[in-house]
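Observations on the three-dimensional arrangement
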Amino acid sequence: MKNKIIPMLLPIDILTGSGTAQIILTDKWTTIKSSYPPVADPKGYYLKTVYSN
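Residues numbered from 1 in each chain as written. Predicted model: local features only at pLDDT ≥ 70, side-chain atom pairs only at ≥ 80, totals over all residues. Heavy atoms only, no water.

1. So, the overall build of the protein chain
Note the cut-off: Every helix listed is a DSSP run of H or I at least four residues long, and every strand listed is a run of E at least two residues long, numbered separately from the N terminus. Each residue is placed in one exposure class: buried if its accessible area under a 1.4 Å probe, protein chains only, is under 20% of its type's maximum, exposed if it is over 50%, and partly exposed if it falls in between. Here, two residues are considered to be in contact whenever any of their heavy atoms come within 4.5 Å of each other. Per-residue and other accessible areas follow the Shrake-Rupley method at a 1.4 Å probe size, with only the shown protein chains counted as cover for residues.
Regarding its fold elements, the protein chain presents zero helices and three strands. Element order for the protein chain, N to C, with α for helix and β for strand: β-β-β. Across the 53 residues of the protein chain, 17% fall into the buried class. A separation of at least 24 residues holds for 38% of the contacts in the protein chain among residues at least 6 apart in sequence. Element-wise, carbon and sulfur atoms account for 57% of the exposed surface of the protein chain, whose accessible area totals about 4500 Å².

2. Topic: the pairing of strand β2 (residues 19–25)
Counted only if it meets this: Strand pairing is defined by DSSP finding a minimum of two bridges between the two strands.
In this structure, strand β1 (residues 10–16) lies alongside β2, joined through seven bridges in antiparallel fashion. Residue pairing for β2: isoleucine 12 is matched across the bridge by isoleucine 23. Counted between consecutive antiparallel strands, the loop separating β1 from β2 contains two residues.

3. Observations regarding unusual backbone geometry
Glycine aside, negative phi is the norm for most residues, and most peptide bonds take the trans geometry. Non-glycine residue aspartate 41 carries a positive phi angle of around 55°. If you trace the backbone, aspartate 41 turns up in the segment after β3 (39–40).

Printed below as a string of structure tokens:
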């Protein structure tokens, strides 16, 4: 994972096969190991879809 669109450090939860991992996303790549595809921000704190007119 890599934070390319937000120009700051971003603390985020990643849901993996062994539980929830808390990491800091930066502009450098971070490797996450999981027995199934990891879910970034499972509670929707940072990565939300906002609709406006």
